[in-house]
Amino acid sequence: MEFGLVALWIAALLLLGLLALPVTSWLLADLDAGPFAVPLALATLTLVGHLVGHIGFPWPALAAGLVVLAGASALAIRRVTPAYRSFGEGAVVFVLAFLLVVGIRGFDPAAAPLPLAVGEKFLDFGMLKTLERAGTLPPEDFWFAGEPVRYYYGGHLTTTLVATLTGTAPKFAYNLGLAGFYATLVSTAYGLAGSIALPTGVPRRLAAGFGAFFVGVAANLVTATKVLVWLLPDAAAGLVVDVTGLPSDATSWSPGEFYYFDASRVIPTDPSVADTYPAATEFPFFAWLNGDLHAHMMSQPLMLLAGGLLLAYWRLPADNRRRRLLVLFGLLGPLAGVVGFTNLWSLPTVGGLTMLAVGLAPASPASLLPARYAERLPGGDSPVTRELRRAVLAIVVAVVVLLVGLVWTAPFWPVVLGGPGRTVGLWQAWTPLGNLLLVNGAFLAVFFVALARRTGATVERPGKVLAGFLVVVAAGVFFGFPALGIVAPLLVTAWWLCRSQDDAGFELALVMAGAGLVLVVELVTIQGERFNTIFKPYSQVWLFWATAAGVLLARLVTGWPADRLAVPRERLRRTGSVLAVVLVLSTLVYPAFALPAHVGGAGQTVQTEGPTLDATAYLDVEFPRDAPAIRWLDAREGQPTIVTAAPGTYRWNPDDGKGASAPASLTGLPAVLGWFHEEQYRGSEDYEERLGDVEDIYTTDDSDYQRRLLEFYEVEYVYVGPAERAAYGEITVGNAAGVRVVREFESVTIYRVA
């Protein structure tokens, strides 16, 4: 194990947090500011590094980011005492989370495709390699030579900047980056949940601990339900399977058949069609266990940082107009750009959360305007017009925040948005109730108990309100739209409490944000493709609901709201504590199975001689025929163009021609054509043209045409290995003028194009 690199990365990330701590303490003065310092530092490095990187990368970009960060803190330290104690507490959580992922990845480090690993690790590793080679941004697409990457690469840029700072090679930075993002996510969740709880009288550390646990460690209820089915008699087990929507073979499941991947595939992409492949409904612990360094994971700490900024806005009084404007447009706006640059799917969510926070905060959004303009706003002063005015202004603010973000990351958008357009359509094959409860049941239990208590303490006849909610849920289930039946009461109750109760907390805005995403996913589909339409929003639902559940569960455990209910506090504490124990234990079942499986060998991608963080260590073991040639290519300077078998897929099986674009993915050298995803990024016409050209380069008898193609794509190296021979049969490229063998290995020949 590379313990020195582990210590170096922990030190580097925490030192970046210390560098950002003064400005973080000033900006988030009313919050538990310390845990937000690391994500703020990384967001700043990424934002500045992206802009400067178009002039020089990586060192000029890194240096500029550090200068901006240091300058901001130098100005802030004159106004505030840095929250060192808060930072130290968050640092403990950070280190523990970092070491957890290092332990997992040390036993399962491979950035490999199918059949060794599941996911898009070749995309993620290739991003690091092409950024390492890039002298300026945007980086060249390693699967579409001569064109810039058409994918959101902000998180990979962040990883590359930290790798540059620490002098770490991408093969180690891949897994250390995973650990860094996870540690930042969990410690930020700790800070956000604790900050929400600060004015409530609930022990801050209790809420922070619950928040960090639910965000980073807890799992959905799939595995716990399977264990329950295993323990129950056959008749009862069959009933549970039918109600929850588990696969029918779950009745014969036993703990020895546990597979870590099953819990992430729960909601069917099309419930109206039997046996459709389920969509991904990932939770962070699964995502980091699986080990993709992917966009939807790297954006998660930034989303919680956005939540922290909006919480700071929520707490600011109406007369502190300048500070509120600074938070929204000076901080949240640029951060929205970084979020979109890191994971485009999360950008609209930043806008939605902003709309909710601005619309529901105690201070009216009209107070953001100068008084002379606020007085001229149209509409009367009735409750309805006031709420409509709030809603319209909140939408306007959210749109402006997103536009500010687009401006700050302007060089990125013409590249990524230049591909085929995506259509948005309505969807009517709604998710069954059982599947929804398997994914969200733990959080929903907390929300319904907490809102029932709060409603009972607020209205005169809570029984009628509860009966009304149950009718709505039953109606949603009866009419085949259970998601609406579940989230409608959450949305209505949370909105009403925020608008009618002075002490309503920001956690209710997070409840509404998650509920809104669940509802949107049920109603809308992107490009008619349900997998990502469900997958990407649901990863954000988990963040919002896990954080809110942590705060609300802490309140329930302490007997809240005993001062408003005619129920003894001790009884409320007891019921809250029982709920907490049940939920913690049930959401811990999955980690209890998955961790031993991964570190014990059953879940490892490749058996290694001792733990390592080298993401490419599997090459010599699993692909000894290609490994020497790929390592030789990796040692080339710059970004010479190569040509390999195409199309690449998720699978690397050289003997049947499925090479997974391995030489390009593992070296960062741009190939004429790589994975089939390029058809999604570029369109079918461009993709098919290159696909045909690659085949002609390898097989045509017209050597003059071969030469013209090689010159057109500026190819310097032609890779002929097992996958190429399996895909194309007789290889003729060696007959073209100026093409000669530069290196010959046992199973691979590499040609140089003069």
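Reading the values: rules and limits
- Residues numbered from 1 in each chain as written.
- Predicted model: local features only at pLDDT ≥ 70, side-chain atom pairs only at ≥ 80, totals over all residues.
- Heavy atoms only, no water.
- Helix = DSSP H or I, 4+ residues; strand = E, 2+ residues; numbered from the N terminus.
- Rg over C-alpha atoms; globule rule 2.2 N^0.38 Å.
- Buried < 20%, exposed > 50% of the residue type's maximum accessible area, 1.4 Å probe, protein only.
- Contact = heavy atoms within 4.5 Å.
- Areas by Shrake-Rupley, 256 points an atom, 1.4 Å probe, with all protein chains shown as cover.
- Lys, Arg positive; Asp, Glu negative; His and termini not counted.
- Charge placed at Lys NZ, Arg CZ, Asp CG, Glu CD.
- Polar contact = N/O pair within 3.5 Å; in protein donor to acceptor, adjacent residues only side chain to side chain.
- 1 Å grid on protein atoms, 1.4 Å probe; cavity = no way out; pocket = protein on both sides within 12 Å on 5 of 7 lines; lining within 4 Å.
- Points joined across faces, edges and corners; volume = space filled by probe spheres on them.
- Nonpolar A, V, L, I, M, F, W, Y, C, P; charged D, E, K, R; others polar.
- Patch = residues over 30% accessible without salt bridge, like charges linked within 9 Å, V, L, I, M, F, W, Y side chains within 5 Å.
- Salt bridge = Lys/Arg side-chain N within 4 Å of Asp/Glu carboxyl O.
- Expected span 1.5 Å × (residues − 1).
- Core = buried A, V, L, I, M, F, W, Y, C linked by side-chain atoms within 4.5 Å.
- Pairing = 2+ DSSP bridges.
- Axes fitted to C-alpha atoms, helices over the stretch in contact; angles between N-to-C directions.

(A) Up close: the overall build of the protein. Assigned secondary structure in the protein consists of 31 helices and 10 strands. Taking 27 Å as the expected radius of gyration for a compact globule of 754 residues, we find that the protein reaches 27 Å, a close match to that expectation. C-alpha atoms of the protein, sized along the principal axes, occupy 90 × 70 × 50 Å. Split into buried and exposed, the 754 residues of the protein put 60% on the buried side. When contacts within the protein are restricted to residue pairs at least 6 apart in sequence, long-range pairs at least 24 apart make up 77% of them. Only carbon and sulfur atoms are counted for the fraction: they give 62% of the accessible area of the protein, which is about 28300 Å². Taken as two groups, the 50 positive and 60 negative side-chain charges of the protein have centres that lie 15 Å from each other.

(B) View of the side chain of Asp32. Mapped onto the fold, Asp32 is located in the loop between helix H1 (3-27) and helix H2 (37-53). What makes Asp32 buried here is its relative accessible area of 8%. Reaching out from Asp32, the side chain makes a polar contact with the side chain of Ser86 at a distance of 2.4 Å. Apart from the residues lying within four places of it in its own chain, the contact partners of Asp32 are Ser86, Gly191, Ser195, Leu198 and Arg204.

(C) Layout of empty space enclosed by the protein. Across all of its chains, the model carries eight cavities of 30 Å³ or more by this definition. Its volume calculated, the largest cavity comes out at about 90 Å³. The wall of the largest cavity is formed by Pro39, Leu42, Ala43, Thr46, Thr158, Phe181, Thr184, Met298, Pro301, Leu302, Val338 and Thr342. Of all the elements in the fold, those that place two or more residues in the lining of the largest cavity are H2, helix H7 (170-197), helix H13 (300-315) and helix H14 (321-342). If you tally residues by element for the lining of the largest cavity, the top one is H2, at four residues.

(D) Quick look at the layout of surface pockets. If you add up the space inside the second largest pocket, you get close to 640 Å³. What lines the second largest pocket is a set of 24 residues, among which Gly245, Leu246, Pro247, Arg265 and Pro278 lie closest to the centre. Broken down by secondary-structure element, the contributors of at least two residues to the lining of the second largest pocket are helix H9 (222-231), strand E1 (265-268) and helix H19 (433-456). The leading source of residues in the lining of the second largest pocket is E1, at three residues. The residue inventory of the lining of the second largest pocket, partitioned by class, reads 14 nonpolar, four polar and six charged.

(E) The arrangement of a negative patch on the surface in detail. Residues Glu147, Glu685, Asp686 and Glu689 make up a contiguous surface patch of negative charge. By secondary structure assignment, the location of Glu147 is in the loop between helix H5 (121-133) and helix H6 (154-166). Glu147 sits in the partly exposed class, given a relative accessible area of 33%.

(F) Molecular detail of helix H23 (residues 530-557). Relative to the 40 Å expected for 28 residues at 1.5 Å per residue, H23 spans 38 Å between its end C-alpha atoms, a close match to the ideal helical length. When you tally the buried positions in H23, you get 26 out of 28 residues, the bulk of the element. Looking at where H23 begins, the residue whose side-chain oxygen comes 2.7 Å from the main-chain nitrogen of Phe531 is Glu529. Positive backbone phi, at 90°, marks Gly559, one or two positions downstream of H23.

(G) Spatial organisation of the nonpolar core. Residues Phe98, Phe447, Trp545, Tyr590, Tyr618 and Trp652 are the most contacted members of the largest nonpolar core, which totals 231 residues. It is H7 that contributes the most residues to this core, 17 residues altogether. Listed in part, the 23 residues of the second largest apolar core include Ala645, Leu673, Leu710 and Val739.

(H) Spotlight on the sheet that holds strand E9 (residues 739-744). The four strands are arranged E5-E8-E10-E9 in an open sheet whose pairing can be described as mixed. With one partner strand each, in any of the chains shown, strand E5 (641-643) and E9 form the two edges of the open sheet. Going from strand to strand, the sheet's axes swing by 30° on average, the running direction of each strand aside. Strand direction decides the pairing type here: strand E8 (residues 715-720) and strand E10 (residues 749-753), joined by four bridges, are antiparallel. Across the sheet, the residue bridging to Tyr717 is Arg752, located in E10.

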